[in-house]
Amino acid sequence: MGLNEVPRPVERTIRVDIGELVLDGFERLDPERVSAAFEAELSRLVRERGVPLAADGGQALDALSGLPPLPSTTSPGQLGEALARAVHAGLSGRGESR
């Protein structure tokens, strides 16, 4: 490394595996659009804010509960984003892990 080179930050890989999302009471929404919005928003949140529960290394959670309520909406994009924010809140320690 030369005198004028700035060291690059170490990139960490964070992997979030979600086996299944079950949304009761949202039968009229396109599940693929909800899923796409969810993935995009959760990726953004993890990239920008990280996952505090994983700060000390890998951590596995079987389930999250006590998450913020989801808004009643007819927009699959808004629902996916709200769901991602709720899951990220749980991964950030705001909620109960099981």
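Now for a description of the structure that goes with this document. Here the residue index of a chain counts from 1 through its sequence in written order. Local features in this predicted model are restricted to residues whose pLDDT is 70 or higher, and side-chain atom pairs enter the listing and the counts only when it is 80 or higher, whereas totals over whole chains, interfaces and linings include all residues. Only heavy atoms go into the side-chain values, all of them from the structure, while hydrogens and water stay out.

Moving on to the layout of surface pockets. Points on a 1 Å grid over protein atoms alone make up a cavity when a 1.4 Å probe fits among them but cannot get out, and a pocket when they form an open set with protein on both sides within 12 Å along at least five of seven lines; lining residues each have an atom within 4 Å of a point. Grid points are joined across faces, edges and corners, and a volume is the space filled by probe spheres set on the points. As a volume, the second largest pocket reaches approximately 240 Å³. Lining of the second largest pocket is provided by I14, R15, V16, I18, L21, F38, E39, L42, S43, V46 and R47. Under this grouping Gly is polar, as are all residues other than the nonpolar Ala, Val, Leu, Ile, Met, Phe, Trp, Tyr, Cys and Pro and the charged Asp, Glu, Lys and Arg. Here the residues of the lining of the second largest pocket are counted per class, giving seven nonpolar, one polar and three charged.

This part takes up helix α2 (residues 76–91). Taking 1.5 Å of rise per residue, 16 residues should cover 22 Å, and α2 covers 22 Å from first to last C-alpha, within 8% of that figure. Extensive coverage of α2 is indicated by the burial of twelve of its 16 residues. Burial here depends on accessible area, computed with a 1.4 Å probe over protein chains only, as a share of the maximum for the residue type. Under 20% is buried, over 50% is exposed, and the range in between is partly exposed. In this description a helix means any DSSP run of H or I spanning at least four residues, a strand means any run of E spanning at least two, and both kinds are numbered starting from the N terminus. Looking at α2, one finds that the buried residues are P76, L79, G80, A82, L83, A84, A86, V87, H88, A89, G90 and L91. Between the first and last residue of a helix there are one fewer steps than residues, each counted as 1.5 Å, and that sum is the expected span.

Taking 1.5 Å per residue as the helical rise, helix α1 (residues 31–49) with its 19 residues ought to reach 27 Å, and the 26 Å between its terminal C-alpha atoms agrees with that figure. Along α1, the residues classified as buried are V34, A37, F38, E41, L42, L45 and V46. All buried residues of α1 lie within an arc of 155 degrees about the axis, which places them on one face of the element. Along α1, exposed side chains directed more than 90 degrees from the buried face belong to E32, R33, R47 and E48. Buried-residue contacts for α1 involve α2. Taking the backbone nitrogen of E32 as reference, a side-chain oxygen 3.0 Å away marks D30 as the first, capping residue of α1. Positive phi shows up at G50, right after α1, with a value of about 75 degrees. This arc corresponds to the set of directions leading from the helix axis out to the C-beta atoms. Any pair of residues with heavy atoms lying within 4.5 Å of one another is described as a contacting pair. Polar contacts, as used here, are pairs of N or O atoms within 3.5 Å; protein pairs need one atom able to donate a hydrogen and one able to accept it. Residues neighboring in sequence count only if both atoms are side-chain atoms.

Our focus in this paragraph is the environment of T13. On the secondary structure map, T13 appears in the segment before α1. The exposure class assigned to T13 is exposed, which follows from its relative accessible area of 76%. Sequence-wise, T13 and R47 are 34 residues apart; in three dimensions their C-alpha atoms are separated by 9.6 Å.

Attention now moves to the environment of G93. Note on placement: G93 falls in the loop between α2 and β2 (96–97). Taking the C-alpha atoms as reference, G93 lies 8.9 Å from V51; in sequence the two are 42 residues apart.

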